[in-house]
Amino acid sequence: MTQDIRDLFKEEDRLEKQLPEGHRDEFYEKLKASKPKLLVSWLLVKIAAVIIIALTIGFLVVPSNLNTVKESPIVAQIETIEAEYLANIETEWQSFIAIANDEFLIERFRKKLNELDADYKAISAEFKTDTNNILVIEALVDNLQTRLRILKDIQKHIKVLNQKTESHDSTI
């Protein structure tokens, strides 16, 4: 049962196999036909990989940029200042309505304050697009200060008029 392996190889060389006629041409044609399928499949894999990478980057980068705009300390400070001024303006307005006796005067100042409020909304919209523009921030604060100053000035004027009326009534 023991055989020499060298003898087996010698026998195989003697049996030399013959390939059928046209085998080489047939092989080349099959090879050419199979190449485009590989290229198309690899092209599709590359396109899919690029799309996946682009979407991943998009989802990771875009939301983080949106959060940084909202978390800006300037925006937070402006919102705090705005809330304080609007609360003071509302308090002064209610106080003004309480001491004013003239409906025409109340309506006149309501229109003036509504105009200033419309201007403020326009400036506020501009601020949302450009939060780093100092001129827009100053315009916001100036608008709020103007509204508050108007209300305080008219209240002082009404108090002076009421005091003059009381002193005039007491002298008669």
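These numbers were taken from a predicted model, which means no experiment stands behind them.

What about the nonpolar core?
Counting residues in hydrophobic clusters, the biggest one holds 24 residues, and the most contacted among them are Trp93, Phe96, Phe109 and Phe127. Elements supplying a minimum of two residues to this core: helix H3 (73-99), helix H4 (103-129) and helix H5 (134-171). A total of nine residues in this core trace back to one element, the largest contributor, which is H5. With near-sequence residues (within four places) excluded, Phe127 lies in contact with Val75, Ile78, Val136, Ile137 and Leu140.

Brief notes about the packing of H3 against H4
Contact geometry of H3 with H4 gives a least axis separation of 13 Å together with a crossing angle of 175°. Put simply, H3 runs roughly antiparallel to H4. Contacts between H3 and H4 pair Val75, Ile78, Glu82, Trp93, Phe96 and Ile97 from the former with Leu105, Ile106, Phe109, Arg110, Leu113, Tyr120 and Phe127 from the latter. Tallied by class, residues from the contact of H3 with H4 come to 11 nonpolar, no polar and two charged.

Here's the deal with H3
Under the 1.5 Å per step criterion, the end-to-end length of H3 is 39 Å for 27 residues, consistent within 8% with the ideal 39 Å. Buried within H3 are the following residues: Val75, Ile78, Tyr85, Ile89, Glu92, Trp93 and Phe96.

So, the confidence of the model for the chain
Considering every residue of the chain, the mean pLDDT works out to 78; 83% of them sit at 70 or more. By mean pLDDT, the top-scoring element of the chain is H4 (87), and the lowest-scoring one is helix H1 (residues 5-14) (70).

Points about H4
With 27 residues, H4 should cover 39 Å at 1.5 Å per step; its first-to-last C-alpha distance of 39 Å lies within 8% of that length. Turning to H4, its buried residues are Leu105, Ile106, Phe109, Leu113, Leu116, Tyr120, Ile123, Ser124 and Phe127.

Examining the packing of aromatic side chains
Per the counting criterion, the structure on display carries one aromatic pair. Ring centres of Phe27 and Tyr28 lie 6.1 Å apart, and the angle between their planes is 55°; this geometry places the pair in the tilted category. Given a relative accessible area of 49%, Phe27 falls into the partly exposed group.

Examining the side chain of Glu92
Along the chain, Glu92 turns up in helix H3. No salt bridge forms around the buried Glu92; measuring N to O, its nearest opposite-charge neighbour Lys152 is 4.8 Å away. Non-local contacts of Glu92, meaning those with residues more than four positions away in its chain, are made with Leu148, Leu151, Lys152 and Gln155.

Conventions we followed
Residues numbered from 1 in each chain as written. Predicted model: local features only at pLDDT ≥ 70, side-chain atom pairs only at ≥ 80, totals over all residues. Heavy atoms only, no water. Core = buried A, V, L, I, M, F, W, Y, C linked by side-chain atoms within 4.5 Å. Buried < 20%, exposed > 50% of the residue type's maximum accessible area, 1.4 Å probe, protein only. Helix = DSSP H or I, 4+ residues; strand = E, 2+ residues; numbered from the N terminus. Contact = heavy atoms within 4.5 Å. Axes fitted to C-alpha atoms, helices over the stretch in contact; angles between N-to-C directions. Parallel < 35°, antiparallel > 145°, perpendicular 65-115°, else oblique. Nonpolar A, V, L, I, M, F, W, Y, C, P; charged D, E, K, R; others polar. Expected span 1.5 Å × (residues − 1). pLDDT = per-residue confidence, 0-100. Phe/Tyr/Trp six-rings, centres within 6.5 Å; stacked < 30°, edge-to-face > 60°. Lys, Arg positive; Asp, Glu negative; His and termini not counted. Salt bridge = Lys/Arg side-chain N within 4 Å of Asp/Glu carboxyl O.

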